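Spelled out from the first residue to the last, the chains are:
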Amino acid sequence: MKIMNLGLHAWTVCGLLMVLFFSCSNSSLYGEEFDLRNEPSVTYKYDRIDEVKKACGFVLSSASELKPDDNRVYSIKKELPFVNGDWVQDAGGSPLMPYVVRKSWDNSSDFHTPMNLVSFWVTDVDTTRRLKNSVSVSGLLTLGITLENSFVEKIYGPQFQVWPGNSQLSVSFQGIYTESKENNGEKVMCLLGTTMLPSREPESSDPWAWLEASGHSYDQPPLSEDDQILLVLHYPKKFTLTKREVHGEMKSLNPKSNPKYFDEIRISSQLNTAYEFSSEKVVAKACDPYPYKDSFMNNGIDIYKDTEFCAIIQKFSQGEAFTIVPNWRCNGTDEYCSKLGPFVTDNEIKATDGGFQEVKLFMQNVHCEEKTARDNTNSARVSAVFRAVPPSEYPYTAAQRSGLSNMTLPAEGIWRSSSGQLCMVGCIGSTDAEGSGCNSRICLYIPLSFSVKQRSIIVGTISSISNDHSSYFPLSFEKLVRPSEMWDLNHFMSSHLHYQYTKLDSAGSILEKNEPFSFGTVIKKSLLTFPKLEDAEASPVSLSILSEDLTLHVSAIPDPPPRSLVPRIEIQMEIVSLGPLFGRYWSNGSTAEEETPYHTKAEYTEKQLLLNVSAQLMLTGKAYKNFSVVFVEGLYDPHVGKMYLVGCRDFRASWKTLFESMDLEAGLDCLIEVIVSYPPTTAQWLTNPIARISIASARNEDDPLRFSTIKFQTLPIMYRRQRENILSRRGVEGILRILTLSVVIACIVSQLLYIRDNVHSVPYISLVMLGVQVLGYSLPLITDAEALFKKASDSYGTPSYELDRNQWFHVIDYTVKLLVLVSFLLTLRLCQKVWKSRIRLLTRAPLEPHRVPSDKWVFITTLIIHVIGYIIVLIIHAAQTDEKFRTESYVDSNGNFHVQREWETEMEEYVGLVQDFFLLPQVMGNFVWQIHCKPLRKLYFIGITVLRLLPHFYDYIMAPVSNPYFSEEYEFVNPNMDFYSKFGDIAIPVTAFFLAVIVYIQQRWNYEKLSQTLSLGKRRLLPLGSAVYQRLPSKSFEAELASGVNENATHEKDHDGEE
């Protein structure tokens, strides 16, 4: 009954814990879902109007009258704010704020250049204080120096913040809004501000010495309040090509001797209102006659001429970087060919020598208006700003900048469906209303056809329309499109994209060179099956499924694997087209969709034995910067699972090197041979499920574009069918865990019932053996490791989203944890009974403690054996890897820093082996105690041994090929080590079975008979029997175990009287 009550209490406690866990999880989930941040409620005071009028007298003197019925003042709050403008400060020795250089992981300075950004918001317009020529307004300005942050969120209240890589100051303003009589009626705001300025060290060469002081905290910089800050902002009346800049000044009204004084700051940004297309004459300078005849008009590429031009331009220009093409066709002076088009070419740009590596181009502030003529032809007017970003700036932060400089090119132009060309005129620097500084022509296209040499959704050129010394070689740019974006475009555009195969003959030559006829190939084709079409008709659905199987998103290492640890390479191989299918096919039941799938030229080779294929191969890592993207096209042989491809890469070198390489195709190096080998879909026990990739150059040895052959082997991959089987396999494994743990509980309960009827043998159960099992049950509860079976999905990487969302699997996991907890408690109960039995035995014979079984030498012997085994494992591991044990640091996905010691990892993995050999302490104890009884029930020790060995048999059958590179995904099992390899799945069960046989023999034969049996002639392998552990008479001992310890003396007296 006590056992049943204990089990009932354990189940009740676990049930309460599960309910509590579910309630906490759900409350946390919904709490995060409704965590909305609202802007604070602020009351604006205009208590400095008299000071404002005095400081802004020069603005009010030229202000025009605001008509009472003019509603433009009500749009101030919406139209006049700007974000991420530029600011520069005069170098007068009084800087506004400090900046702390951010160190990288190796303690070196970040090579990126910080950017000076400023944002301004009109927070309130007080129409009740409206005067004849001004309106009272309040504003908020945030400016700072940052590497990768952007100031798009308002920071209310004056404050200053600084940390490595970022400094920002927030200033609150109140002032007036006016419209000037000068400069074509520009809008002017003049405001006085209040903030908390960082304190400067007076008369010091380092004004920010407090940053370097010991014990300084970035959270508490020394600040001083300052309300003598004047801000004047000038806005153009209309937003046009030549009038779009917002400029202003912020200066201190304090005297220079005041420590709060700072040098004047100049601000630049752009309007964020409706654009007014009014520069037809300026546009005509570049685009009349239309279309402009450039090289792209006659290269045979289909161009988009349909009705969604504006939507496509805005979709692919929003925050997306354009790639600048090297000047590979330039043949002139170094100065001429190294220019970055009309943009100012500084030393950083010159260092690229016309290759423009890592130089980006962004298309910002796109305004597009479409209209349809009477003849149903479509046209559009387009305005944008082209911004060049050098390699030293973070591109994603630079893409949000709004300031105008010599690295920006405002442009306006026209697009007509008759030609598909967007022709624009570009103006760099300051210019007048006639566009005297607009000397650039931009021609932009949206291609519809793709090939191995054309993978861009937007292509364009920037050329000069002047003949003076400021001319430059036409600058080409393109927006490379990812394969997934191509597929989206097919649904987005009424005109279908298509792919043109141009390298099939070259791919055939690669096939013939690398696949000579052999009997091995014939046997491989007959025995193994590789990814192939599921139907003979090659339907779009079948082609799409095969494309999914051939797609790779996996880590890889060099092939063959080096003996030392090397960083992994991330490989992404997206299938662009396969046979006649371009992209992917999703059927929604539409007949029209089935009749017009994504298409390429419908052709096969060698009577459908081979499939045409094109893909995009992407590699990560500094060593592969010239292989970051390789466009490939060729043939796929489904009988041997190999692709034979011709690759084209965007090689970056100086313009001279590229110009001298006369065999470039569209500026790309297309003399590349790529072979991809896929693992079979069947007979996985014969091969390792990894893909192999080989990239070789077909150029001569002395060619500067030649590179050494690169070979990779990926981590184990799974095909679509195998991924679909994860869910069912995960469920099966969950049920197996529940069943095995239930059997374990039954075995433990049977042992508890057994010792109730065999009380005299209880002290001879090893506490070390039970401790090993307690350790095995407690670790899954503490570390969330799997009990008995590890997750199948984890052996192949991160679990899928569907796997995490499936509530059924959560129920299985919680049930497993509940059963583990019950096993843990029952084993503790078993330990308690053994411990109490020994205490009672010691109480009966207080003068003979040596006759009571003790685990001291059992523990010492077991510990020595496992320590020696662990040392042997370390030695074998070090010998196999040729490396000493290292200490590695890493940052996890949550940003937490960890230090990982390799010897600790090996120790965690060795724990799994200790649990498999849980009977080793009992074997040692049986020899030490020279038992003449049966302390363990056969169902207990044989049953648990079998259950401990089930995972090894399961792994041997279901997962025969271990993943040698994902050892961190195994909680206690590292397949890289010998005893958890394929050999280990055989050796460990044999050893554990041998221990179970020894225990069985020890309990079946007494020690004396076993000693007589194990002899060589007259010599015995075991020592003679000893009286040390001779069992005391047990006539009253059973009654003692049934009663309390306090009754021991009475029972002993009765027992002694009997004797």
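Keep in mind it's a predicted model, so treat the numbers as computed, not measured. Residue numbers here run from 1 along each chain, matching the order of that chain's written sequence. Totals for whole chains, interfaces and linings use every residue, but because this is a predicted model, local features are given only for residues with pLDDT of at least 70 and side-chain atom pairs only at 80 or more, for both listing and counting. Working from all heavy atoms in the structure, the side-chain values ignore hydrogens and water.

1. Considerations on the pattern of salt bridges
Here comes step 1: Each salt bridge in this description consists of a side-chain nitrogen of Lys or Arg and a carboxyl oxygen of Asp or Glu lying within 4 Å of one another. Scanning all chains against the criterion turns up 24 salt bridges.
Here comes step 2: Its salt-bridge partner being Arg737, residue Asp813 comes within 3.7 Å of it at the nearest N-O pair. Of this pair, Asp813 sits in helix α19 (residues 807-844) while Arg737 sits in helix α16 (residues 720-757), and the two are 76 residues apart along the sequence. Both residues of the pair, Asp813 and Arg737, belong to the buried class.
Here comes step 3: As a salt-bridge pair, Arg838 and Asp855 come within 2.5 Å of each other at their nearest N and O atoms. Of the two residues, Arg838 is situated in helix α19 and Asp855 in the loop between α19 and α20 (856-881); the sequence distance between them amounts to 17 residues.
Here comes step 4: Given the relative accessible area of 10%, Asp855 is considered buried.
Here comes step 5: Members of the salt-bridge network, linked through shared partners, are Arg649, Asp663, Asp669, Arg699 and Asp703. Secondary structure elements follow DSSP: runs of H or I of four or more residues count as helices, runs of E of two or more count as strands, with numbering from the N terminus. Under the scheme applied here, a residue whose accessible area is under 20% of the maximum for its type counts as buried, over 50% as exposed, and between as partly exposed, the area being computed with a 1.4 Å probe on protein chains only.

2. Observations concerning the sheet that holds strand β13 (residues 408-416)
Here comes step 1: Taken together, eight strands build a closed barrel; the order of strands is β10-β11-β12-β13-β14-β15-β17-β18 and the barrel is antiparallel. Neighbouring strand axes in the sheet, compared pairwise and without regard to direction, differ in orientation by 30 degrees on average.
Here comes step 2: Relative to strand β17 (residues 456-464), strand β15 (residues 440-445) runs antiparallel, the two sharing six bridges. Bridged to Arg441 within β17 is Ser463.
Here comes step 3: Any two residues whose heavy atoms approach within 4.5 Å at even a single point are treated as in contact. Only the stretch in contact is used when fitting a helix axis, every axis being a line fitted to C-alpha atoms; angles between N-to-C directions are given from 0 to 180 degrees. Seen against the sheet, helix α5 (residues 280-287) touches β12 (378-389), β13, β14 (422-426) and β15 and runs at an angle of roughly 110 degrees to β14. For two strands to be treated as a pair, DSSP must find at least two bridges joining them.

3. Points about the environment of Leu191
Here comes step 1: By the secondary structure assignment, Leu191 is in strand β6 (residues 187-198).
Here comes step 2: Given a relative accessible area of 0%, Leu191 falls into the buried group.
Here comes step 3: For the pair Leu191 and Glu51, spaced 140 residues apart in sequence, the C-alpha to C-alpha distance is 9.7 Å.
Here comes step 4: Those residues in contact with Leu191, other than ones at most four positions away along the chain, are Cys56, Phe120, Val137, Gly139, Phe173, Gln174, Gly175, Ile229, Leu230 and Leu231.

4. Brief notes about the environment of Gln357
Here comes step 1: Inspection of the secondary structure puts Gln357 in the loop between α8 (347-350) and β11 (360-372).
Here comes step 2: Taking the relative accessible area as the measure of exposure, Gln357 reaches 26% and is therefore partly exposed.
Here comes step 3: Considering only alpha carbons, one finds Gln357 and Ala653, 296 residues apart in sequence, at a separation of 8.0 Å.

5. Some words on unusual backbone geometry
Here comes step 1: Cis rather than trans, the peptide bond between Asp288 and Pro289 has omega equal to 5 degrees.
Here comes step 2: Tracing the backbone shows Pro289 in the loop between α5 and α6 (309-317).
Here comes step 3: The peptide bond linking Tyr290 to Pro291 adopts the cis configuration, its omega dihedral lying at -5 degrees.
Here comes step 4: With respect to the secondary-structure elements, Pro291 resides in the loop between α5 and α6.

6. Observations regarding the state of the cysteines
Here comes step 1: By disulfide we mean two sulfur atoms from cysteines, separated by a distance within 2.5 Å. A full pass over the atoms with the stated rule returns six disulfides.
Here comes step 2: The disulfide bridge from Cys287 ends at Cys423, spanning 2.1 Å between sulfur atoms. Between Cys287 and Cys423 the disulfide shows an S-S torsion of about -95 degrees. By sign, it is left-handed. Linking Cys287 in helix α5 with Cys423 in strand β14, this pair joins segments that are 136 residues apart in sequence.

7. Considering the side chain of Gln454
Here comes step 1: Tracing the backbone through its elements, the reader meets Gln454 in the loop between β16 (449-450) and β17.
Here comes step 2: Relative accessible area serves as the criterion here: at 8%, Gln454 is assigned to the buried category.
Here comes step 3: Polar side-chain contacts of Gln454 include one of 2.9 Å to the backbone nitrogen of Ser456.
Here comes step 4: If sequence neighbours within four positions are ignored, Gln454 has contacts with Ile301, Pro447, Ser449 and Val459. Polar contacts, as counted here, are pairs of nitrogen or oxygen atoms within 3.5 Å of one another; within protein the pair requires one atom able to donate a hydrogen and one able to accept it, and residues that are adjacent in sequence qualify only if both atoms are side-chain atoms.

8. Quick notes on the packing of aromatic side chains
Here comes step 1: Each aromatic pair joins two rings of Phe, Tyr and Trp (for Trp, the six-membered one) with centres within 6.5 Å, and gets the label stacked for planes under 30 degrees apart, edge-to-face for over 60, and tilted for any other angle. Taken as a whole and assessed by the stated rule, the structure comprises 13 aromatic pairs.
Here comes step 2: When the ring of Tyr336 is compared with that of Phe473, the centres are 6.4 Å apart and the planes differ by 85 degrees; the resulting orientation is edge-to-face. Pair noted here: Tyr336 is in helix α7 (residues 334-337) and Phe473 is in the loop between β17 and β18 (475-480), with a separation of 137 residues, a long-range link.
Here comes step 3: Since its relative accessible area comes to 16%, Phe473 is described here as buried.
Here comes step 4: Measuring from ring centre to ring centre gives 5.9 Å for Phe386 and Phe477, while their planes differ by 55 degrees; the resulting arrangement is tilted. Taken together, the residues Phe386 in strand β12 and Phe477 in strand β18 connect sequence positions 91 residues apart.
Here comes step 5: Residue classification places Phe477 among the buried positions, given a relative accessible area of 2%.

9. Here's the deal with the nonpolar core
Here comes step 1: Only buried residues count toward a nonpolar core. Its members are Ala, Val, Leu, Ile, Met, Phe, Trp, Tyr and Cys residues joined through side-chain atoms within 4.5 Å. Formed by 61 residues in total, the largest nonpolar core has its most connected members in Phe309, Leu340, Phe343, Leu361, Phe386 and Ile462.
Here comes step 2: If we skip the residues at most four places from it in the chain, Phe309 touches Tyr304, Cys368, Glu370, Ala380, Val382, Trp415, Leu422 and Ile446.
Here comes step 3: With 53 residues, the next largest nonpolar core counts Trp87, Leu141, Met250 and Ile267 among its residues.

10. Observations concerning helix α22 (residues 920-929)
Here comes step 1: Taking burial as the measure, the ten residues of α22 include seven buried ones, the bulk of the element.
Here comes step 2: For α22, every residue scored as buried is listed here: Leu920, Pro921, Gln922, Val923, Gly925, Asn926 and Trp929.
Here comes step 3: Following α22 by one or two positions, Gln930 has its phi on the positive side, about 50 degrees.

11. Details of the side chain of Arg244
Here comes step 1: Tracing the chain through its elements places Arg244 in the loop between β7 (223-235) and β8 (245-252).
Here comes step 2: Here Gln270 takes part through its side chain, which lies 3.3 Å from a polar atom of the side chain of Arg244.
Here comes step 3: In contact with Arg244, not counting residues within four places along its chain, are Pro236, Phe239, Ser269, Gln270, Leu271, Tyr275, Asn365, Ser383, Ala384, Val385, Leu404 and Pro410.

12. Considerations on a nonpolar patch on the surface
Here comes step 1: Side chains of Ile942, Val946, Phe993, Val997, Tyr1000 and Ile1001 sit close together on the surface and give an oily, nonpolar patch of about 480 Å² of accessible area.
Here comes step 2: Elements with a contribution of two residues or more to the nonpolar patch: α23 (938-958) and α24 (984-1004).
Here comes step 3: No other element matches α24, which puts four residues into the nonpolar patch.
Here comes step 4: As for its placement among the helices and strands, Val997 is situated in helix α24. By definition, no residue in a patch forms a salt bridge, and every one has over 30% relative accessible area; like charges are joined within 9 Å, nonpolar side chains (Val, Leu, Ile, Met, Phe, Trp, Tyr) within 5 Å. Here, Shrake-Rupley sampling with a 1.4 Å probe gives the accessible areas, and only protein chains in the shown set may cover a residue.

13. Here's the deal with the pairing of strand β25 (residues 629-637)
Here comes step 1: Among the nine residues in β25, eight count as buried, and that is most of the element.
Here comes step 2: As paired strands, strand β24 (residues 611-619) and β25 are joined by eight bridges and run antiparallel to one another. Bridging across to β25, Met618 finds its partner in Val629.
Here comes step 3: The pairing of β25 with strand β26 (residues 642-649) spans eight bridges and is classified as antiparallel. Bridging from a neighbouring strand, Asp637 pairs with Lys642 of β26.
Here comes step 4: Between the antiparallel neighbours β25 and β26 lie four residues, among them Gly641 with a positive phi of about 70 degrees.

From the geometry alone we can't say anything about function, so treat these as descriptive.
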